Amino acid sequence: MQLKKLITLVTAASAAALLATSSLAQVSPARLLAAESEPGNWLIHHGDYDGQRYSELTQITQENVGDLELKWIWQVRSRDGAPEKFEATPLYVDGVLYTVSPPNDVIALDPSSGRVFWSYTYTPAPEARVCCGRVNRGLAIHGNKLFMGAIDGHLMALDTRNGRVLWDVSIGDPSLGYAITVAPLVIGDKVIVGPAGGEFGIRGFIAAYDVETGAELWKFNTIPGPGEPGFESWEDPAQEAWKLGGGSIWTTGTYDEELNLMYWGVGNPGPDWNGDSRPGDNLYTESVVALNPDTGELAWHYQYTPHDEMDYDATQVQVLADIDWNGQPRKVLMTANRNGVFYVLDRVTGEFLLGKPFVAVNWMDGFDESGRPNRALSPSEEGTFIMPNNQGATNWYPPSFSPKTGLFYVPTWLDTYSIYTKRPVEYVAGQTYVGAYPTMAMPALGVRLQNQRRPEEGQGAIQAINPQTGEIVWRHVMTEVTSSGVLSTATNLVFAGARDGYFYALNAATGEELWHLQTGGEVASGPMSFELDGKQYIAVNAGAGMFVFGLPE
Amino acid sequence: MKLSATRSLLAALLLGSVVMQATAQEHSYAPSDIENGRGLYQANCLGCHGNNGDSVDGVKLGSGRFRRASTDEDLIALIRTGIPNTLMIPRPQLAYGELRALVAFLRSMQTGGAVTASDEREVVIGDAGHGEELFFGKAQCSTCHGVNGGGSPLYQDLGGIGAQRSAASLETSLLDPMKEIREGERFYQVTDKNGASVQGKLMNQDRHSIQLLTLEERLQSFRTADLTAQGFIQTPMPAYLDVVSATDVSDLVAYLLSLKE
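Going along each chain's sequence as written, the residues are numbered from 1 onward. Going through the entries in the order they are written, you letter the chains from A and number the ligands from 1. Restriction of local features to residues with pLDDT of at least 70 applies here, the model being predicted, together with a cutoff of 80 or more for giving and counting side-chain atom pairs; totals for whole chains, interfaces and linings are based on all residues. To obtain the side-chain values, all non-hydrogen atoms of the structure were used and water was disregarded.

Caption draft 1: The arrangement of the interface of chain A and chain B in detail. Should any heavy atoms of two residues lie within 4.5 Å, those residues are counted as being in contact. Taken together, the contacts link 50 residues of chain A with 40 residues of chain B. Reported buried area values correspond to the accessible surface (1.4 Å probe) lost by two parts on association, with both partners' losses combined. Taken over both partners, the interface formed by chain A and chain B buries close to 3900 Å², and the fraction arising from carbon and sulfur atoms is 48%. Between Lys or Arg on one side and Asp or Glu on the other, a salt bridge is scored when a side-chain nitrogen of the former is within 4 Å of a carboxyl oxygen of the latter. Counting across the interface, chain A meets chain B through 1 salt bridge. Here Glu513 of chain A makes a salt bridge to Arg207 of chain B, at a shortest N to O gap of 2.6 Å. Pairing of N or O atoms within 3.5 Å defines a polar contact, subject to two protein rules: one partner must be a possible hydrogen donor and the other a possible acceptor, and residues neighboring in sequence count only if both atoms are side-chain atoms. Connecting chain A to chain B are 15 residue pairs in polar contact (both at pLDDT 80 or more). Elements that contribute at least two residues to the side of chain A that touches chain B include exactly β25 (384–386), β29 (439–440), β31 (472–477), β34 (502–507) and β35 (513–518) of chain A. In this count, Pro and Cys sit with the nonpolar residues alongside Ala, Val, Leu, Ile, Met, Phe, Trp and Tyr, while Asp, Glu, Lys and Arg are called charged and the others, Gly among them, polar. For the side of chain A that touches chain B, the residue count by class is 22 nonpolar, 17 polar and 11 charged. Runs of E in the DSSP output that reach at least two residues are strands. Runs of H or I that reach at least four are helices, and both are numbered from the N terminus.

Caption draft 2: Examining the packing of helix α4 (residues 72–81) of chain B against helix α5 (residues 96–109) of chain B more closely. Residue and element names in this part refer to chain B. For helices, the fitted axis covers only the stretch in contact; all axes are lines through C-alpha atoms, and the angles between them, taken along N-to-C directions, range from 0 to 180 degrees. Axis separation between α4 and α5 bottoms out at 10 Å; the angle between their running directions is 115°. Considering the angle they form, α4 stands roughly perpendicular to α5. Viewed along their axes, α4 and α5 form a crossing whose handedness is right-handed. Between α4 and α5, the contacting residues are Asp72, Glu73, Leu75, Ile76, Ile79 and Arg80 on the first element and Tyr96, Leu99, Arg100, Leu102, Val103, Leu106 and Arg107 on the second. Among the residues forming the contact of α4 with α5, the class breakdown is 8 nonpolar, no polar and 5 charged. Geometric relationships in this document are graded by angle, where less than 35 degrees denotes roughly parallel, more than 145 denotes roughly antiparallel, 65 to 115 denotes roughly perpendicular, and other angles denote oblique. Whether a crossing is left-handed or right-handed is set by the direction in which the near helix is turned from the far one by less than a right angle, anticlockwise for left-handed and clockwise for right-handed.

Caption draft 3: The arrangement of the state of the cysteines in detail. When two cysteine sulfur atoms lie within 2.5 Å, the pair is treated as a disulfide. Within the structure shown, the criterion is met by 1 disulfide over all chains. The partner cysteine of Cys131 of chain A in its disulfide is Cys132 of chain A, sulfur to sulfur 2.1 Å. Of note, the bridge from Cys131 of chain A to Cys132 of chain A carries an S-S torsion of about -105° and is left-handed in sense. Think of it in three bands: residues with accessible area under 20% of the maximum for their type are buried, residues over 50% are exposed, and the middle band is partly exposed, with areas taken using a 1.4 Å probe on protein chains only. Cys131 of chain A gets classed as partly exposed once you look at its relative accessible area, which sits at 26%. Take Cys141 of chain B: it sits in no disulfide, and the sulfur closest to it among the cysteines is that of Cys144 of chain B, at 8.9 Å.

Caption draft 4: Geometry of the sheet that holds strand β28 (residues 418–420) of chain A. Residues and elements named next belong to chain A. Strands are treated as partners if at least two bridges between them are detected by DSSP. One open sheet accounts for 3 strands, arranged β25-β28-β29; its pairing is antiparallel. The open sheet has two free edges, formed respectively by β25 and β29, since each of these has just one partner strand. The pairing of β25 with β28 spans 3 bridges and is antiparallel. Residue pairing across strands places Thr384 opposite Tyr420, the latter belonging to β28.

Caption draft 5: A look at the environment of Met528 of chain A. Residue and element names in this part refer to chain A. By the secondary structure assignment, Met528 is in strand β36 (residues 528–532). Overall, Met528 belongs to the buried group, its relative accessible area being 0%. Look past the residues within four positions of Met528 in its chain and what remains in contact with it is Trp42, Thr89, Pro90, Leu91, Tyr92, Leu97, Leu487, Tyr537, Ile538 and Ala539.

Caption draft 6: How the structure looks around the side chain of Glu513 of chain A. Relative to the helices and strands, Glu513 of chain A resides in strand β35. Once you skip the residues sitting within four places of it in the chain, Glu513 of chain A turns out to touch His476, Tyr504, Ala505 and Leu506 of chain A together with Arg207 and His208 of chain B.

Caption draft 7: Here's a closer look at the confidence of the model for chain B. Residues and elements named next belong to chain B. Confidence in the prediction for chain B averages 80 pLDDT; 83% of positions are at 70 or higher. Note on residues 1–26: pLDDT under 50 across the span, and 44 contacts to partners over four residues away in sequence or across chains. Reported confidences for the modelled complex are a pTM of 0.85 and an ipTM of 0.76. On a range of 0 to 100, pLDDT expresses the predictor's confidence in each residue.

Caption draft 8: Quick look at helix α9 (residues 246–258) of chain B. Residue and element names in this part refer to chain B. A helix is expected to reach a length of 1.5 Å times the quantity of its residues less one. Compared with the 18 Å implied by 1.5 Å per residue over 13 residues, the 19 Å span of α9 between its first and last C-alpha is a close match. Across the 13 residues that make up α9, a large majority, 10, are buried. Buried within α9 are the following residues: Asp248, Val249, Ser250, Asp251, Leu252, Val253, Ala254, Tyr255, Leu256 and Leu257.

Caption draft 9: Highlighting the environment of Trp413 of chain A. Structurally, Trp413 of chain A is set in strand β27 (residues 407–413). By relative accessible area, Trp413 of chain A is classed as buried at 0%.

Caption draft 10: Spotlight on the pairing of strand β8 (residues 145–149) of chain A. Residue and element names in this part refer to chain A. In terms of residue burial, β8 counts as a mostly covered element, since 5 of its 5 residues are buried. By the alternation rule, side chains of β8 split into Lys145, Phe147 and Gly149 and Leu146 and Met148, which are all buried. From the end of strand β7 (residues 140–142) to the start of β8, which pair antiparallel, there are 2 residues, and Gly143 there has a positive phi angle of about 60°. One ladder, built from 5 bridges, connects β8 with strand β9 (residues 154–159); its direction is antiparallel. Bridge pairing links Met148 to Met156 in β9. In sequence, β8 turns back onto β9 through a hairpin of 4 residues, with Gly153 there showing a positive phi of about 85°.

Caption draft 11: Representation of the sheet that holds β31 of chain A. Residues and elements named next belong to chain A. Strand order in the open sheet made by the 4 strands is β26-β27-β30-β31, with antiparallel pairing throughout. For this open sheet the edge positions go to β26 (400–402) and β31, each flanked by a neighbour on one side alone. Ignoring strand direction, the axes of neighbouring strands in this sheet form an average angle of 20°. Pairing geometry for β26 and β27, over 3 bridges, is antiparallel. By the bridge assignment, Phe401 is partnered in β27 with Phe408.

Pasting the structure below:
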């Protein structure tokens, strides 16, 4: 009897211990909410819900960053030719790095060696169509589940331990252009995404799915239909334009737990470059929408580019911070928009606080009192010279905000232009629904091996903006344009790269270059930082590889 | 601020296509087809292939050579069905006539009909035989340029130039070499801390280094940190009216146009 009791006790104790271990390994909603208390992990796509991409790790400093060395490289195994841009920001969770190699292969890596724990290969439906590359920007995690959206519009949950598919749902018809390139956002028991496809006449949305089953829980139409608020901003008499209105989602939203609001930037209206068929402001395209994550209910919106005809989107990260504003603490939202303007909004109410160009801009010439831009130019039949160009002053490349320096760091294409020509557009299901592509002095998507351009033909920079004034504090010009994200750290470092393959460490206060390495491929992803066995590392995806850097042993 | 020159660009394309018709050997397309094709190119192709058809690495639509197609019908089929697992999606919505027009425009790119063509003048085409004599003699073109070999690696080989450029564009290059100089043909100068300068064709550049093919025909790299000055310079090619007569220029144009292969 005694022995049996002892065995029972021992069994119960081991089970409890196992449970403790496994619950530690699981990523609970509470851990996600307290992500900033675990700077050694990178639990959320942007590092934290606030979208700051700021790491509290302090081992790599301005003094020793010059000694940073490559620890390992993991290279993408492509199945069908050269892989496209490797845009994902990895997650790092309790000793495992998770990333997505394009288009939709999920990899779990050993951070100490770069060896693969497991990989999962997803073959997107052949009818998948994406405007601008078969890319994926990353994953989300909840419990023992990883969530990935695929370019054929599928959203799936994988087991974090072996990559097994737990559920897989379709959120839109890929043959009509519905695709997922965004890293999902997990809040509570919901995983939240929206479709890309703004060049194919989709009707966009943001929707929440049950983390356990993939069942849809609510849906917010980024293009409101009859009876929904905002529908009045689609003013064509036939009331047809909204059905093909665009409003895609392709950068991950941010979240304020206290306000229980999340903030998503919405893409362009369709057709992109000819707005004749869609008179009106075309809500909620080109807007930030503040939504309640429990219900999908809209709290407020602000539209950056009303009735856009330049394809500027608003799919840049809506970064949250509590900063001093005219002597008072204020909960603000900051974003550097593809349209060339840096904005500060009150994130409680949506009130416009500041808008200031961070590159040469001529599509607008100031704001009215409510914060609505004065539109100066539109595409025309003979062609209109508009700054910035169609690729934009920045794009999906995630910026960073350092609460330590108080500066906002934005990857920039400096002072570019396009000729925007208006041409007739007809909708054909599954085909591009755009108008005439604007001309550009440099390729928007293609990356050439040689750069023989003059500076005025296009170059990039990392710029530091003071959000109090919108002034540019420093500018690190890089010869080549950039599709890199930015990471800032508590030791006043900024990490970012460029199309030419350079990856840099800069002084966050001055922009001075402290370290660089040539990766041999385009840096088109967000760098991140993590801690393993008490040591800080920096990881970035570049070209077809993941590069991990650390200090010498 | 609208681009006032844009209207004349349309006229330029139309005129350019007339020149093309006079010189094309195998294909003849209506100017209206080329113009329609230009619009279809802007709507369907320009986003990836760029203004000059060369934005996708390894693909030069303006070369007139296509890896997966040779005849017009091949091209039409390729555009209609797309290329699996690439950004080149199928375009079943394009009517056959539209596909013909798109192909007409693609073929016109070979003769300088880029989306942003700018040379609208009609030019005199002289005596190709005399042009050849000038090329290898008095005008000294062959000192730098080869024709299917024989020239310096610093300068463009002109074999096939007649199939790639219009007469007006060739004349412009002779009269004002810097006006239409292409991205990969530009010259650059770097100066180091001792005041020593090196010139060459700019092969590549970034924030930390410059790669030149120097005038001594050496591939050489320079660390930006070691330089006190750097920048683009005039091409070594002279403006030819300083060297030869206007008639000679038209003869050189005729010779260059004859270089189809």
